[in-house]
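So the chains spell out like this:
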Amino acid sequence: AKFGEGDERWIVRDREDGTNVNSWHWTNKDMSRRGTATLRETLESLALTESLGDALACTVRVRLSNVRVEGTVEALNRKGRRFLIYELEINADWTATVET
């Protein structure tokens, strides 16, 4: 549309104060520090347990340690919709024990 000939139904209009009305324009926030720390803590506190059935009658427990999370996490907002974009590399040591 040409300047000044916009549709009256448009949500966003030119504003002198520059306010992002209804989160219409792109906004982004770097969440890398918080995202990687939370994921690392969650994975380190996680304990996976799996019973292998009646025939084997044993349980396998897996724990992760020395979890390393690197990368970026970004929260985006456009036209009131939220997006989470991430690119992470996760490395960890793991141990498994079998209980009979």
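None of the values given here were measured: they were computed from a predicted structure.

### Some words on the overall build of the chain
At step 1: Counting secondary structure elements, the chain contains one helix and four strands.
At step 2: Starting at the N terminus, the α and β elements of the chain follow one another as β-α-β-β-β.
At step 3: The long-range fraction of contacts in the chain, counting pairs at least 24 apart against all pairs at least 6 apart in sequence, stands at 54%.
At step 4: If you sum the accessible surface of the chain, you get close to 8,500 Å²; carbon and sulfur atoms cover 50% of it.

### Quick notes on unusual backbone geometry
Glycine aside, a negative phi is what most residues show, and trans is what most peptide bonds show.
At step 1: Located in the positive-phi region is Asn66, a residue other than glycine, with phi close to 50 degrees.
At step 2: Along the chain, Asn66 turns up in strand β3 (residues 59-78).
At step 3: For Asn66, a relative accessible area of 47% corresponds to the partly exposed category.

### Some words on the side chain of Thr36
At step 1: Tracing the backbone shows Thr36 in helix α1 (residues 32-45).
At step 2: Only 2.8 Å separates the side chain of Thr36 from the backbone oxygen of Ser32, close enough to count as a polar contact.
At step 3: Non-local contacts of Thr36, meaning those with residues more than four positions away in its chain, are made with Val69, Gly71 and Leu88.

### Here's the deal with the pattern of salt bridges
Opposite charge on two side chains permits them to pair, given that their charged atoms come into close proximity.
At step 1: Per the counting criterion, the structure on display carries one salt bridge.
At step 2: Taking the shortest distance from any N to any O, the salt bridge between Arg61 and Glu99 comes out at 2.9 Å. Taken together, the positions of Arg61 in strand β3 and Glu99 in strand β4 (residues 81-99) put the pair 38 residues apart, joining distant regions of the chain.

Criteria and cut-off values
Residues numbered from 1 in each chain as written. Predicted model: local features only at pLDDT ≥ 70, side-chain atom pairs only at ≥ 80, totals over all residues. Heavy atoms only, no water. Helix = DSSP H or I, 4+ residues; strand = E, 2+ residues; numbered from the N terminus. Contact = heavy atoms within 4.5 Å. Areas by Shrake-Rupley, 256 points an atom, 1.4 Å probe, with all protein chains shown as cover. Buried < 20%, exposed > 50% of the residue type's maximum accessible area, 1.4 Å probe, protein only. Polar contact = N/O pair within 3.5 Å; in protein donor to acceptor, adjacent residues only side chain to side chain. Salt bridge = Lys/Arg side-chain N within 4 Å of Asp/Glu carboxyl O.

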